[in-house]
Amino acid sequence: MKYRLLTEVIFTEPQIATVGLTEKKADVRNIPYVAASYPFNDLGKSLIMDAKDGFVKLLADPTTGEIIGGCCVGPMGGELIHEIIAAMHKRMTVHELAAMPHYHPTLAEIWAYPAEELAEMIPLSPGHFSRG
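What you are looking at is a predicted structure, and each value in this text was computed from that prediction instead of being measured.

Asker: Summarise the overall build of the protein; cite the residues concerned and give the values.
Answerer: Each helix and strand in the protein was counted, giving 5 helices and 5 strands. Each helix and strand of the protein, placed in order from N terminus to C terminus, yields the pattern β-β-α-β-α-β-β-α-α-α. Each principal axis of the C-alpha distribution contributes one length, and for the protein these read about 45 × 30 × 25 Å. Considering the protein as a whole, with its 132 residues, one finds that 44% of them fall into the buried category. Summarising the internal contacts of the protein: among those between residues at least 6 apart in sequence, 63% fall at separations of at least 24. If you sum the accessible surface of the protein, you get close to 7,400 Å²; carbon and sulfur atoms cover 57% of it.

Here it is, written out as structure tokens:
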């Protein structure tokens, strides 16, 4: 069992899904992080679907940029969290997620926005590069 990838999904309306650390869990464990979020009410596909409630949030290691947690409260949250599960399984950084292509308009492209915000906050470490 990989507790680092522990995922929870609540099938409400909107759906709620988390993987890895939340801010509260990181605070309790004294794990440093940076976080960024993005609302569904500013995303083209969710506007088309009239599904504007909610947001996504990413947590990352402030030194390496590795993604350590993700949360989705919104349309198809139980499906959308899989992108972050896969990213965390491969120990991707926010730099790599931000560089990954996403089709427009899709719900999944929402993950690029907090990833880009965090990538701007965290400089690439020497010897690391973005695979974009």
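Asker: Explain the packing of aromatic side chains to me, and be specific about the residues and the numbers.
Answerer: In this structure the tally under the stated criterion is 1 aromatic pair. Measuring from centroid to centroid gives 4.5 Å for Tyr38 and Tyr113, while their planes differ by 20°, and the two rings are stacked. Separated by 75 residues along the polypeptide, Tyr38 in strand β3 (residues 34–39) and Tyr113 in helix α5 (residues 112–121) bring together distant segments of the chain. Residue classification places Tyr113 among the partly exposed residues on the basis of a relative accessible area of 31%.

Asker: For the sheet that holds strand β5 (residues 67–74), give the residues involved together with the corresponding values.
Answerer: The strand order across the open sheet built from 5 strands is β1-β2-β5-β4-β3, with neighbouring strands paired in antiparallel fashion. The strands lining the two open edges of the sheet, one partner per strand, are β1 (7–10) and β3. For this sheet the average axis-to-axis angle between neighbouring strands, irrespective of direction, equals 10°. Here strand β4 (residues 55–60) pairs with β5 via 6 bridges, running antiparallel.

Asker: Describe the nonpolar core, with residues and values.
Answerer: By size, the foremost hydrophobic cluster in this structure holds 30 residues, and its most contacted members are Phe40, Leu58, Ile67, Ile84, Leu97 and Trp111. Of all the secondary structure elements, the ones that give two or more residues to this core are β2 (15–20), β3, β4, β5, α3 (77–89), α4 (94–99) and α5. The element that contributes the greatest number of residues to this core is α3, accounting for 6 residues. Apart from residues lying up to four places away in sequence, Leu97 is in contact with Leu58, Ile67, Glu83, Ile84, Met92, His102, Trp111 and Ala115.

Asker: Outline α3, supporting the account with residue identities and numerical values.
Answerer: Between its first and last C-alpha atoms α3 spans 18 Å; for 13 residues at 1.5 Å apiece the expected length is 18 Å, and the two agree. Contacts from the buried residues of α3 go to β1, β2, β4, β5 and α4. After α3 finishes, the residue Arg91 shows a positive phi value of roughly 55°.

Asker: With reference to specific residues and values, describe the environment of Val34.
Answerer: Counting through the fold element by element, Val34 comes out in strand β3. Judged by its relative accessible area of 17%, Val34 is buried. On a C-alpha basis, the gap between Val34 and Gly65 in space is 8.8 Å, while along the polypeptide they are 31 residues apart. In contact with Val34, not counting residues within four places along its chain, are Leu58, Leu59, Ala60, Pro62, Leu118, Met121 and Ile122.

Calculation rules
Residues numbered from 1 in each chain as written. Predicted model: local features only at pLDDT ≥ 70, side-chain atom pairs only at ≥ 80, totals over all residues. Heavy atoms only, no water. Helix = DSSP H or I, 4+ residues; strand = E, 2+ residues; numbered from the N terminus. Buried < 20%, exposed > 50% of the residue type's maximum accessible area, 1.4 Å probe, protein only. Contact = heavy atoms within 4.5 Å. Areas by Shrake-Rupley, 256 points an atom, 1.4 Å probe, with all protein chains shown as cover. Phe/Tyr/Trp six-rings, centres within 6.5 Å; stacked < 30°, edge-to-face > 60°. Pairing = 2+ DSSP bridges. Axes fitted to C-alpha atoms, helices over the stretch in contact; angles between N-to-C directions. Core = buried A, V, L, I, M, F, W, Y, C linked by side-chain atoms within 4.5 Å. Expected span 1.5 Å × (residues − 1).

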